[in-house]
Amino acid sequence: MIVAENNRLEHASSAMSADIKEHVVLMKRQQLRCDKEIREHIGANADFVRLDQIIQSVPGLGPVVSA
């Protein structure tokens, strides 16, 4: 959705640009909060922590894939 809004921004009128930018900022904040909550849930469970370590030990796989 963030990419879609940024694409809309490229073609938006000046009147709509501010609203679209505000929406992108909101979505990015929500994404950060969601990512943090996911990491906290993983960190609170020893089995998840171990699986997270195993998955991230594979080259090219990071926290997003692991989550």
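Residues numbered from 1 in each chain as written. Predicted model: local features only at pLDDT ≥ 70, side-chain atom pairs only at ≥ 80, totals over all residues. Heavy atoms only, no water.

Some words on the overall build of the protein chain
Then step 1. For the protein chain, the helix and strand inventory stands at four helices and zero strands.
Then step 2. Counting from the amino terminus, the protein chain carries its helices and strands in the arrangement α-α-α-α.
Then step 3. Computed over C-alpha atoms, the radius of gyration of the protein chain comes to 17 Å, more than 25% over the 11 Å expected from 2.2 N^0.38 for 67 residues, which places it beyond the range of a compact globule.
Then step 4. The principal-axis extents of the C-alpha atoms in the protein chain amount to approximately 50 × 25 × 10 Å.
Then step 5. Residues counted as buried form 15% of the 67 residues belonging to the protein chain.
Then step 6. The contacts in the protein chain between residues at least 6 apart in sequence include a share of 24% that link residues at least 24 apart.
Then step 7. Carbon together with sulfur atoms contributes 60% to the accessible area of the protein chain, which is approximately 5400 Å² in total.
Then step 8. Charge centroids of the protein chain, computed over 8 positive and 9 negative side chains, lie 3 Å from each other. (Helix = DSSP H or I, 4+ residues; strand = E, 2+ residues; numbered from the N terminus. Rg over C-alpha atoms; globule rule 2.2 N^0.38 Å. Buried < 20%, exposed > 50% of the residue type's maximum accessible area, 1.4 Å probe, protein only. Contact = heavy atoms within 4.5 Å. Areas by Shrake-Rupley, 256 points an atom, 1.4 Å probe, with all protein chains shown as cover. Lys, Arg positive; Asp, Glu negative; His and termini not counted. Charge placed at Lys NZ, Arg CZ, Asp CG, Glu CD.)

So, the pattern of salt bridges
Then step 1. Applying the stated criterion across every chain yields a total of three salt bridges.
Then step 2. A salt bridge links E5 to R8, with the shortest nitrogen-to-oxygen separation between them at 2.8 Å. Of this pair, E5 and R8 are both found in helix α1 (residues 2-11), three residues apart, which corresponds to roughly one turn of the helix.
Then step 3. A relative accessible area of 8% means that E5 is categorised as buried.
Then step 4. Under the relative-accessibility criterion, R8 is labelled partly exposed at 42%.
Then step 5. With a shortest N-O distance of 3.6 Å, K36 and E40 are connected by a salt bridge. One end of the pair, K36, and the other, E40, are both in helix α2 (residues 14-43), four residues apart, so they sit about a helical turn from each other.
Then step 6. Taking the relative accessible area as the measure of exposure, E40 reaches 46% and is therefore partly exposed. (Salt bridge = Lys/Arg side-chain N within 4 Å of Asp/Glu carboxyl O.)

Observations concerning the confidence of the model for the protein chain
Then step 1. Per-residue confidence for the protein chain averages 96 on the pLDDT scale, and 100% of its residues sit at or above 70.
Then step 2. Per-element confidence in the protein chain is highest for helix α3 (residues 46-56), whose mean pLDDT is 97, and lowest for helix α4 (residues 63-66), whose mean pLDDT is 94. (pLDDT = per-residue confidence, 0-100.)

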